[in-house]
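Given next are the chains, with one letter for each unit.
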Amino acid sequence: MSLSSWNYPTAIIAGSGALNKLPDACQSLGIIRPLLVTDPGIAALPMTQTAINLCEESGLSVTLFSDVQGNPTGENVAAGNKVFVDGHHDGIIALGGGSALDCAKAIALSAHQKHEVWQFEDIGDNWTLAVPDLIAPVIALPTTAGTGSEVGRASVITNSAEQRKVIIFHPDMVPKQVLLDPDLTLALPPHITAATGMDALSHSLEALCAPGYHPMADGIATEGIRLVQQNLPTVFHNGADKEARMQMLVASSMGATAFQKGLGAMHAIAHTLGALYNAHHGLLNAILMPYVLDANRSEVEQKMERLARYLDLDGSGTDAVLAWILTLRREVGIPHTLADIGITAEEAERVGKMAVNDPSAGGNPISFTAEQYSQLFTLAVNGKDWS
Ligand SMILES: [Zn+2]
């Protein structure tokens, strides 16, 4: 596999062995004292030691920071900021899944600012409070194919005191260099491969369905969906298939690039259920996907007609896309209902109220009311038979 080099939406080197480009990437960004940010699970894997060795062999003074939990907290960011400042670091290597990448980006943004990280919550023009020159450069190496955080301009950080997830945003939070190396994702177990891959699909599908004029996002989303169609079943059945793993990493970056246009009801409900039930984000989107698409069909039929043709599906329009999604979900072991993962309809009213207020709700092609969100959620709990 040869390496590809792209500069949209940021500089990306993609291919097996891209990890070896880490010292070059540090050098070209002027980083000589990188802080390697990851989670404890990844820190224990050989890939972390390989990354450290590569840096040290090139004379870089690298320090490991792995005090990052799943759903990273403000405390994680504060601890990272202290290590970053005390160690006189000048850049960050972000290695891991969405949580590690998000935490790393938040450290890069806030370590040297006089404001604490919460001041950069994605509200109005809060981000202008940050001094751009003080934002540290980030090199991102994703180890899962789903969130696409490596090309994102935001981080989701949990404010433990307020018990809520806060979106931290700055346009310069996009990593300066992304290394998409399929070798880093080979060890992902099938169920995580499936759930994260379906998250990537949900990003592209929701971005495509979101109203608004953004042909670039639509084009990226459409091809991102095709890459999932062609490769997710393969990586689910054969996790060692490097080529298919590569395509899923690209599909993940494409999904997150496309969703700058907007997300929709899948994510509005998934964010809500993630907060209430602590269920896996990608798995929630995967289960919700057909219910939300069906509910949106009156507004997305034309787009689904084009998509069905592009994917070369049997049949046409929303019916064809829906049938494909149902088949794909079955093939990669995604349950059909929320009840299958232990979620009941008991809190339907609360879920509806929270979902309608989620920032992602604004991207849905139909402005569902809280009551409609409750009904949609209840349907996904109980299940619907489309056959
Ligand atoms: Zn998502």
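Since we're looking at a predicted model, the values are computed, not measured.

K.L.:
What is the right way to look at the coordination of the zinc ion in this model?
P.N.:
In ideal tetrahedral geometry, four donors around a metal make angles of 109.5 degrees, whereas ideal octahedral geometry with six donors gives angles of 90 or 180 degrees. Bound to the zinc ion are the protein donor atoms Asp199 (OD), His203 (NE2), His267 (NE2) and His281 (NE2), situated 2.1 to 2.3 Å from the metal. For the zinc ion, the four donor atoms are set out with angles of 89 to 167° between them, so the coordination reads as irregular. Of the residues examined, histidine 281 reaches a relative accessible area of 27% and is grouped as partly exposed.

K.L.:
Explain the domain arrangement of the protein chain to me, please; I cannot follow it from the model alone.
P.N.:
It is common to report an interface's size as the accessible area lost on association of the parts. Per the domain assignment, the segments making up the protein chain are domain 1 (4-184) and domain 2 (188-382). Computed over C-alpha atoms, the centres of domain 1 and domain 2 are 26 Å apart. For the pair domain 1 and domain 2, the summed buried area comes to about 1700 Å², and 64% of that belongs to carbon and sulfur atoms. On inspection of domain 1 and its partner domain 2, the count reaches one salt bridge. The interface formed by domain 1 and domain 2 holds five residue pairs in polar contact (both at pLDDT 80 or more) in total. Its residues placed into classes, the side of domain 1 that touches domain 2 shows ten nonpolar, eight polar and four charged.

K.L.:
I keep staring at helix H3 (residues 46-57) and nothing clicks. Help me out?
P.N.:
Counting along an α-helix, one turn takes 3.6 residues, and residues three or four places apart therefore face a common direction. For H3, spanning twelve residues, the distance from its first C-alpha to its last is 16 Å, which sits close to the expected 16 Å at 1.5 Å a residue. Within the sequence span of H3, burial applies to Met47, Thr48, Ala51, Ile52, Leu54 and Cys55. Taken down its axis, H3 places every buried residue within 160° of arc, on the same side. In H3, the exposed positions angled more than 90 degrees off the buried face are occupied by Pro46 and Glu57. Those residues of H3 that are buried lie in contact with helix H1 (22-28), strand E3 (34-37), helix H2 (40-43), strand E4 (63-65) and strand E5 (91-96). Looking one or two places after H3, you find glycine 59, whose phi comes out positive at around 80°.

Cut-offs used in this document
- Residues numbered from 1 in each chain as written.
- Predicted model: local features only at pLDDT ≥ 70, side-chain atom pairs only at ≥ 80, totals over all residues.
- Heavy atoms only, no water.
- Donors = N, O, S within 2.8 Å, 3.2 Å for Na, K, Ca; no water.
- Tetrahedral: all angles 85-135°; square planar, octahedral: opposite > 155°, others 65-115°.
- Buried < 20%, exposed > 50% of the residue type's maximum accessible area, 1.4 Å probe, protein only.
- Domains from an automatic or database assignment.
- Buried area = accessible area lost by both parts, 1.4 Å probe.
- Salt bridge = Lys/Arg side-chain N within 4 Å of Asp/Glu carboxyl O.
- Polar contact = N/O pair within 3.5 Å; in protein donor to acceptor, adjacent residues only side chain to side chain.
- Nonpolar A, V, L, I, M, F, W, Y, C, P; charged D, E, K, R; others polar.
- Helix = DSSP H or I, 4+ residues; strand = E, 2+ residues; numbered from the N terminus.
- Expected span 1.5 Å × (residues − 1).
- Arc of directions from axis to C-beta.
- Contact = heavy atoms within 4.5 Å.

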